[in-house]
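The primary structure of each chain is shown beneath.
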Amino acid sequence: MKNKLAFLYPLIAIILWSGNVIVSRMSAHTIGPEAITFYRLLFAVLLMSTFVAAPAWRNRAVIWPHLGQFAILGFLAMCLFQSLSYLAAESTTATNMAVFTALTPLLTVALSAVVLKDTPTVGMVGGGILSLVGLIYLVSAGDPGALIQNGIHLGDPLMLMAAVVYALYGVLLKRWNLPVAGWQSTYMQAICALTIMFPAFLATPAPMRSLNAETFPLIAYAGGLASVVLPFLWIRGVQILGPSRCAAFMNLLPVFTALGAITMLGEPVHLYHVIGGGLALTGVACVEIFRRPLRGAPPVVPEIVD
């Protein structure tokens, strides 16, 4: 029964992730990107300290030599990715944000080919082209020719940058293969990220970093459910189902986000969202389905690290 219900781990994780995208949109123009990133990290560190601080301290001899790597990983996933996401939320829709985030598996495989020298696959090349076509159709609102005349919303390229950053995080995590895993690794990354974000938090104007009845629930969700509960569920899913099967659940992120955006934000979902987003996600699926290498080498198996 435990294994039969294991799909609930990544499924609930993706639902929480879609909620985090909605929270990002709700925070736009309410609290500064640097401020909510700092507060969510502070909340997450305090929460994790209740059960991770003591084991991490006992393991400090192993952790300390890798502090610099934890700082880089924390900066990428918890500072830069989150800040770019919050900044993008000011000028794009939650549905667009979710589609770009769902490209992470494809981008991870593409970066692995560059950084880890993995052999490109048929699915990576073909899926990449298909996803690019879908994204152009999506961000142009179904009229690619309008991109030349009107350009695109700033939030869309910012969200693409965020997805690339998160993919790079996953590749570095795999390349370094640190001897500290699980909660202790997440905890150390969060502490480093919190330290890095502190100057940016202080530079944020006081009105954009105030805690009130409107901002506190957003911070609590982002710092508790999205930063602690979500990684736990995803890691458990990967342990039982494997990374490739869990990666397939990423395709549900735009679906759940669109439903949340309709009910909570009143965002309309147009036909170009369905067509463009569908093409982009089909391209992501091609990476997993068509794994034959372009050259005679073992196929690349994509892995999502959260």
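Predicted model only: the values in this text are computed from it and were never measured.

Student: Help me understand the overall build of the protein chain, please; the structure alone is not making it clear to me.
Tutor: The helix and strand inventory of the protein chain stands at 14 helices and 0 strands. Helices (α) and strands (β) of the protein chain occur, in sequence order from the N terminus, as α-α-α-α-α-α-α-α-α-α-α-α-α-α. A globule of 306 residues ought to have a C-alpha radius of gyration of about 19 Å, and the protein chain, at 19 Å, matches this closely. For the C-alpha atoms alone, the extent of the protein chain along its principal axes is close to 50 × 50 × 40 Å. Every one of the 306 residues in the protein chain was classed for burial, and the buried ones make up 50%. Relative to all contacts within the protein chain whose residues are 6 or more apart in sequence, the contacts with residues 24 or more apart total 90%. Approximately 13,800 Å² of the protein chain is accessible, and the part contributed by carbon and sulfur atoms is 70%.

Student: How should I be thinking about helix α14 (residues 271–289) in this particular structure?
Tutor: An α-helical turn contains 3.6 residues, so any two residues separated by three or four positions project in the same direction. Here α14 contains 19 residues, and its C-alpha end-to-end distance of 26 Å stays within 8% of the 27 Å for a straight helix at 1.5 Å per residue. Considered for burial, the residues of α14 that qualify are His 273, Gly 276, Gly 277, Ala 280, Leu 281, Gly 283, Val 284, Cys 286 and Val 287.

Student: Would you take a moment to explain the packing of helix α1 (residues 8–27) against helix α13 (residues 253–265) for this structure?
Tutor: A packed helix pair is summarised by two numbers, namely the angle formed by the two axes and the spacing between the axes. Contact geometry of α1 with α13 gives a least axis separation of 9 Å together with a crossing angle of 45°. Between α1 and α13, the angle is such that the two are oblique. Between α1 and α13 the crossing geometry is right-handed. Note on element contacts: α13 touches α1 through Leu 253, Phe 256, Thr 257, Gly 260, Ala 261, Met 264 and Leu 265, opposite Leu 11, Ile 14, Ile 15, Trp 17, Ser 18, Val 21, Ile 22, Arg 25 and Met 26. Looking at the contact of α1 with α13 residue by residue, the classes come out as 12 nonpolar, 3 polar and 1 charged.

Student: When you look at the pattern of salt bridges in this model, what are you seeing that I'm missing?
Tutor: Between side chains of opposite charge, pairing is possible as soon as their charged atoms come close. On inspection of all chains with the given rule, the structure shows 1 salt bridge. The closest approach of N and O atoms between Arg 25 and Glu 267, which form a salt bridge, is 3.0 Å. Here the residue Arg 25 occupies a position in helix α1, and Glu 267 occupies one in the loop between α13 and α14, the gap between them amounting to 242 residues. Judged by its relative accessible area of 24%, Arg 25 is partly exposed. Judged by its relative accessible area of 9%, Glu 267 falls in the buried class.

Student: Would you mind going over the confidence of the model for the protein chain with me for this structure?
Tutor: Detailed conclusions should not be drawn from predicted coordinates in areas where pLDDT is low. With 93% of its residues at a pLDDT of at least 70, the protein chain reaches an overall mean of 88. Averaged over each element, pLDDT in the protein chain is lowest for helix α8 (residues 146–150) (68) and highest for helix α2 (residues 33–58) (96). The model gives residues 297–306 a pLDDT under 50, and that stretch makes 35 contacts with residues more than four places away or in other chains.

Student: I tried to follow the side chain of Gln 184 on my own but got confused; where do I start?
Tutor: In this structure, Gln 184 sits in helix α10 (residues 182–203). You can call Gln 184 buried: its relative accessible area is 18%.

Student: Sorry if this is basic, but what is going on with the packing of α2 against helix α4 (residues 67–88) here?
Tutor: With their axes 9 Å apart at the nearest point, α2 and α4 run at an angle of 135° to one another. The angle between α2 and α4 falls in the class oblique. In this structure, the crossing between α2 and α4 has a hand that is right-handed. On α4, the residues touching Pro 33, Ile 36, Thr 37, Arg 40 and Leu 41 of α2 are Met 78, Cys 79, Gln 82, Ser 83, Tyr 86 and Leu 87. Split by residue class, the contact of α2 with α4 holds 7 nonpolar, 3 polar and 1 charged.

About the thresholds
- Residues numbered from 1 in each chain as written.
- Predicted model: local features only at pLDDT ≥ 70, side-chain atom pairs only at ≥ 80, totals over all residues.
- Heavy atoms only, no water.
- Helix = DSSP H or I, 4+ residues; strand = E, 2+ residues; numbered from the N terminus.
- Rg over C-alpha atoms; globule rule 2.2 N^0.38 Å.
- Buried < 20%, exposed > 50% of the residue type's maximum accessible area, 1.4 Å probe, protein only.
- Contact = heavy atoms within 4.5 Å.
- Areas by Shrake-Rupley, 256 points an atom, 1.4 Å probe, with all protein chains shown as cover.
- Expected span 1.5 Å × (residues − 1).
- Axes fitted to C-alpha atoms, helices over the stretch in contact; angles between N-to-C directions.
- Parallel < 35°, antiparallel > 145°, perpendicular 65-115°, else oblique.
- Left-handed = near helix turned anticlockwise from the far one by under 90°.
- Nonpolar A, V, L, I, M, F, W, Y, C, P; charged D, E, K, R; others polar.
- Salt bridge = Lys/Arg side-chain N within 4 Å of Asp/Glu carboxyl O.
- pLDDT = per-residue confidence, 0-100.

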